[in-house]
Amino acid sequence: MAAGVTEAPRAIGHRLPLWGLMALAWLVPGLGHLLLARRLRAAVFAAVIVVGFVTGILLEGELIMPRAGDPLSYLAAIANLGSGVLFFAARAARLGEGVVTAISYEYGNTFLLTAGMMNLLLVLDTHDIAVGKKD
Amino acid sequence: MDHLFLMLLHAFLISVFFAFLWKRERQARWRYFWKVFLALGLGAIALGWLMYPFPRS
């Protein structure tokens with residue numbers, strides 16, 4: 001490095017092991033980007049996922065768990081688990097049990113599933129940023 | 001809540017998400033946001049109209 005030129009401090013996320021960073025990105029929506037000093041993106045992603053998840057819960061959607069004999073429920077469970085801490089908090093508070101007879105049930109499911117899948121995409125995005133594939 | 005509103009809210013969230021995920025510049029994000037939002041919103045309405053002659057029996 002040339003004399004007098006100081007290297008920019010590395011974001012906290014770069015000092016964490018990659019698996020740890022990805023786990024945190026999964027657990028808290030937007031945290032991966034925040035730790036990599038992408039503050040605006042972190043805020044927007046967190047807001048989008050939280051709004052989607054909360055809307056899904058308010059619409060009587062279901063946090064689907066695997067059901068024997070229903071292969072699609074396994075995929076839905078993976079998508080729902082993608083919401084990270086939101087999923088566990090909602091389960092702990094006995095929310096997201098779903099009201100099949102509610103007119104908004106399928107809408108709620110759609111919001112819950114997309115919130116989880118978007119967060120899973122963020123985990124992959126965090127990985128790409130951390131390894132330098134993406135800005 | 002109104003079904004159309006819920007559909008537009010869903011389209012809005014997805015459009016914002018992908019605009020920030022895939023685009024870096026402010027202008028590009030706006031362009032991409034509107035493209036995806038309109039495609040989802042108008043596409044769903046168009047699909048609804050196309051399905052209109054085929055009611056569930």
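Above this note sits the structure.
In this convention, every chain numbers its residues from 1, walking through the sequence in written order. Whichever chain is written first becomes A and whichever ligand is written first becomes 1, with later ones labelled in order. Predicted model: local features are reported for residues with pLDDT of at least 70 only, side-chain atom pairs are reported and counted for 80 or more only, and whole-chain, interface and lining totals are derived from all residues. With hydrogens and water set aside, each side-chain value is computed from the structure's full complement of heavy atoms.

Description of the nonpolar core
A:V48, A:F53, A:L63 and B:F17 are the most contacted members of the largest nonpolar core, which has 31 residues in total. Contributions of two or more residues to this core are made by α4 (39-58), α6 (85-92) and α7 (105-130) of chain A together with α1 (3-22) and α2 (26-51) of chain B. Only runs of H or I of at least four residues qualify as helices and only runs of E of at least two qualify as strands under DSSP, and these elements are numbered from the N terminus. At eleven residues, the largest contribution of residues to this core is made by α1(B). Put simply, buried Ala, Val, Leu, Ile, Met, Phe, Trp, Tyr and Cys residues joined by side-chain atoms within 4.5 Å make one nonpolar core. Note on classification: 1.4 Å probe, protein chains only; a residue is buried when its accessible area is under 20% of the maximum for its type, exposed when over 50%, partly exposed between these limits.

Some points on the interface of chain B and chain A
Should any heavy atoms of two residues lie within 4.5 Å, those residues are counted as being in contact. Taken together, the 15 residues of chain B in the interface contact 20 residues of chain A. In total, chain B and chain A occlude about 1,600 Å² of area from one another, counting both sides; carbon and sulfur atoms represent 81% of this. We define a salt bridge as a contact between a side-chain nitrogen of Lys or Arg and a carboxyl oxygen of Asp or Glu at a distance within 4 Å. Counting across the chain B and chain A interface gives zero salt bridges. A total of twelve residues in the side of chain B that touches chain A trace back to one element, the largest contributor, which is α1(B). Any residue that is not Ala, Val, Leu, Ile, Met, Phe, Trp, Tyr, Cys, Pro, Asp, Glu, Lys or Arg is counted as polar, Gly included; the first ten are nonpolar and the last four charged. Tallied by class, residues from the side of chain B that touches chain A come to eleven nonpolar, two polar and two charged. Put simply, buried area is how much 1.4 Å-probe accessible surface two parts lose in total, over both of them, once they are put together.

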